[in-house]
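Chain by chain, the residues:
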Amino acid sequence: MIMIVAADKNWGIGIKGGLLTNLPEDMKFFRETTKNSVVIMGRKTLESFPEKKPLKNRVNIVITKSGNVSGEGVIIVSSVEEAAEKAKEYADKKVFVIGGGSVYKQMLKYCDTAYITKIDHVFENADTFIDNMDELDDWKIVEISDVKEYNGIKFNFVTYKRQ
């Protein structure tokens with residue numbers, strides 16, 4: 001499995017249920033990278049999408065205990081373990097973990113790759129965080145893009161692999 005997320009210098013990933021900032025190039029990378037794949041997310045992540053609708057051209061696996069989730073193309077599971085098992089049914093597709101914070105933390109053990117859009121900025125009001133990948137002994141950077149910039153915010157795409 002592959003984790004895909006944008007994080008600031010403090011490994012913040014969200015503010016009040018939304019993204020830290022709007023980076024069109026990051027959104028394009030996310031769309032192109034996850035298209036025709038499986039995405040695993042928590043209920044709150046699904047609810048943060050426009051009209052609370054699942055992502056098109058993807059298998060959407062949603063982890064929720066409430067069960068109050070519906071939508072065409074949504075597969076409901078009640079645990080990260082069940083999500084990991086369900087994802088095995090799609091051996092012909094890449095599987096991405098797309099949030100939120102607690103789902104990233106719990107699913108990291110199933111991941112062997114992480115695509116992190118590293119934002120060279122600290123969002124003081126960030127309230128959702130992931131583990132600092134640079135401090136995890138079994139993860140190493142294998143690729144870094146050139147620095148990009150949008151509206152004065154610098155960022156780059158960093159690929160980590162579990163060693």
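Structural data are supplied above this passage.
Residues numbered from 1 in each chain as written. Predicted model: local features only at pLDDT ≥ 70, side-chain atom pairs only at ≥ 80, totals over all residues. Heavy atoms only, no water.

Focus: empty space enclosed by the protein
1) Next: Scanning all chains against the criterion turns up one cavity of 30 Å³ or more.
2) Next: Taken as a whole, the largest cavity holds about 30 Å³ of empty space.
3) Next: Around the largest cavity, the lining residues are Met3, Tyr104, Lys105, Leu108, Ile130, Asp131 and Met133. (1 Å grid on protein atoms, 1.4 Å probe; cavity = no way out; pocket = protein on both sides within 12 Å on 5 of 7 lines; lining within 4 Å. Points joined across faces, edges and corners; volume = space filled by probe spheres on them.)

Here we look at the packing of aromatic side chains
1) Next: All chains considered together, the criterion is met by five aromatic pairs.
2) Next: Ring plane angle 80° and centroid distance 5.8 Å describe the contact between Phe155 and Phe157, whose orientation is recorded as edge-to-face. You'll find Phe155 and Phe157 in the same group, each marked buried.
3) Next: Grouping aromatic residues by their ring pairs yields a cluster made of Phe29, Phe96, Tyr115, Phe155 and Phe157. (Phe/Tyr/Trp six-rings, centres within 6.5 Å; stacked < 30°, edge-to-face > 60°. Buried < 20%, exposed > 50% of the residue type's maximum accessible area, 1.4 Å probe, protein only.)

Concerning the nonpolar core
1) Next: Judged by nonpolar contacts, the single largest core of 32 residues is most densely connected at Met1, Met3, Ile40, Ile61, Ile116, Ile130 and Met133.
2) Next: Ignoring anything within four residues of it in the chain, the contact list for Ile130 reads Met3, Val5, Ala7, Trp11, Ile13, Tyr104, Lys105 and Ile116. (Core = buried A, V, L, I, M, F, W, Y, C linked by side-chain atoms within 4.5 Å. Contact = heavy atoms within 4.5 Å.)

Re the sheet that holds strand β3 (residues 18-19)
1) Next: A sheet is described by the order of its strands in space; here three strands give the open sequence β3-β2-β9, paired in antiparallel fashion. In the strand order of this sheet, the two ends are held by β3 and β9 (128-129), each with one partner. (Pairing = 2+ DSSP bridges. Helix = DSSP H or I, 4+ residues; strand = E, 2+ residues; numbered from the N terminus.)

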